[in-house]
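Structural features, examined
Each chain, written out:
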Amino acid sequence: MLLDCYEVNLEGEEFKVEFNDVKVTHKSLLIVVSHDTRYIYVFKGNDVTIVQKFASARLASQKRLQRGYRIKHVEEWEGIDEDFLPILELLGGMQEDDGTTAEKTVTSKPQRTNVTSLSKPEIIMFTKTKEKPVEVLPKPAPEKLTKEEIAFLTKDMPAKLVKVIKTMVTLEPPEKSECDYILVTPKLYILLGDNKKDLRNGKFRLEELSTLPEGVFPAENYYPRILVAKNKVIGVELWARR
């Protein structure tokens, strides 16, 4: 088989890997380009993250434009497609994180059922403890972006997105968190850059996710910050605590 294999890590970054170096686990997200079947297989393990899912949709779409091949999504929780099984065997089969061989995955896909209800979000209560007060020194305020810097940061952006960015770069960020996504209906944007913890420094850039996977994606590791102006929601930031 003539194949190219790429792995998408937890940060949504893509790396080309050799078959001998691939270890397929429940946390794996692989993009396999088959020049024999002319398919781009997107394999998603049971425990892949929402970052990996969105990134794989974008990366697979880019490869489709380059090759002209069709995309097929192979999701472990739905059962492995029969035409992907030989590729999975070539990669050494499914393995547990400890290196042992995982139980054989069912090849037939179960029938989809309609979701009638969604579980309520978990609410975590924090209680105060009696501790000695600790003196906290005030943090130095970051330098504000100038109008020229904001104009450069938002150049060639849609007006709705410009309004959101101007709001974001004035707000104090949540502690120990990074902003990965911004939702400006109906568009979803991913934040890229070395420092996504404090958006007031302007050291980030946005990339529109033009191709999105279909389905429902619970943002398990994210909490939203809603931006409201003039009684209208202008955007939603998705922050991950890291």
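Check the entry above for the structure.
These lines cover the structure that appears in this document, whether it is placed above or below. Keep in mind it's a predicted model, so treat the numbers as computed, not measured. Each residue is numbered by its place in its chain's sequence as written, counting from 1. Since the coordinates come from a predicted model, pLDDT governs what is reported: local features require at least 70, and pairs of side-chain atoms require 80 or more to be given and counted, while whole-chain, interface and lining totals use all residues. To get the side-chain values, take all heavy atoms of the structure and skip hydrogens and water.

**Notes on the nonpolar core**
The definition of a nonpolar core used throughout is a set of buried Ala, Val, Leu, Ile, Met, Phe, Trp, Tyr and Cys residues joined through side-chain atoms within 4.5 Å. Note on exposure labels: buried denotes an accessible area under 20% of the residue type's maximum, exposed denotes more than 50%, and partly exposed covers the range between, all computed with a 1.4 Å probe on protein chains only. Ranked by size, the top nonpolar core spans 19 residues in total, and within it Ile165, Met168, Ile182, Phe204 and Leu206 carry the most contacts. Only DSSP runs of H or I with at least four residues qualify as helices, and only runs of E with at least two residues qualify as strands; both kinds are numbered from the N terminus onward. Put simply, the parts of the chain that give this core at least two residues each are α3 (147-153), α4 (159-168), β6 (177-184), β7 (187-192) and β10 (232-241). Top contributing element to this core by residue count: α4, with four residues. Any pair of residues with heavy atoms lying within 4.5 Å of one another is described as a contacting pair. Excluding its chain neighbours within four sequence positions, the residues that come into contact with Met168 are Ile182, Leu199, Phe204, Leu227 and Glu237. Formed by 17 residues, the second largest nonpolar core is a distinct cluster that contains Val22, Val32, Val74 and Ile80.

**Here we look at the packing of aromatic side chains**
Aromatic contacts are taken between Phe, Tyr and Trp rings whose centres are within 6.5 Å, Trp giving its six-membered ring; a plane angle under 30 degrees counts as stacked, one over 60 as edge-to-face, and the others as tilted. Applying the stated criterion across every chain, the model contains five aromatic pairs. Taking 5.4 Å as the distance between ring centres and 50° as the angle between the ring planes, the aromatic pair formed by Tyr41 and Phe84 counts as tilted. In this pair, Tyr41 is assigned in strand β4 (residues 39-44) and Phe84 in the loop between β5 (70-75) and α2 (85-90), connecting sequence segments 43 residues apart. Ring geometry for Phe43 versus Phe84: centroids 5.8 Å apart, planes at 10°, classification stacked. With a gap of 41 residues between them, Phe43 in strand β4 and Phe84 in the loop between β5 and α2 connect regions that are remote in the sequence. An identical accessibility class is assigned to Phe43 and Phe84; each is buried. Counting every residue linked through ring pairs, the aromatic cluster contains Tyr39, Tyr41, Phe43 and Phe84. Above the ring of Tyr6, the side-chain terminus of Lys63 is found at 4.2 Å from the ring centroid. Over the face of the ring belonging to Tyr39 we find Lys72, whose NZ or CZ atom lies 5.0 Å from the ring centre. Should the NZ of a Lys or the CZ of an Arg lie within 6 Å of a ring centre and within 35 degrees of the ring normal, that charge is described as sitting over the ring.

**Quick look at the pairing of β10**
For β10, a buried count of seven out of ten residues is recorded, marking the element as mostly surrounded by other parts of the structure. Here, a strand pair is defined by DSSP locating no fewer than two bridges between the strands. Bridging between β6 and β10 involves six bridges; their strand directions are antiparallel. Among the inter-strand pairings, Glu178 is bridged to a residue of β10, identified as Ala240. Bridge count for strand β9 (residues 222-229) against β10 is eight bridges, and the pairing is antiparallel. When the sheet's bridge partners are listed, Pro224 is paired in β10 with Leu238. With antiparallel pairing between neighbouring strands as the criterion, β9 and β10 make up a hairpin whose turn holds two residues, including Lys230 at a positive phi of roughly 55°.

**Examining the sheet that holds strand β8 (residues 205-208)**
Taken together, the five strands give an open sheet; going across it, the order is β8-β7-β6-β10-β9, and neighbouring strands pair in antiparallel fashion. In this open sheet, the two strands that pair with only one neighbour each are β8 and β9. Pairs of neighbouring strands in the sheet enclose a mean axial angle of 30°, with direction left out of account. Across four bridges, the pairing between β7 and β8 is antiparallel. Residue pairing across strands places Ile190 opposite Glu207, the latter belonging to β8. Against the sheet, helix α1 (residues 50-67) engages β6, β7, β8 and β9, with an angle of about 50° to β6. In the packing of α4 onto the sheet, the strands contacted are β6, β7, β8, β9 and β10, and the crossing angle to β6 comes to about 155°. In this analysis an axis means a line fitted to C-alpha atoms, helices contributing only their contacting stretch, and an angle means the value between N-to-C directions, from 0 to 180 degrees.

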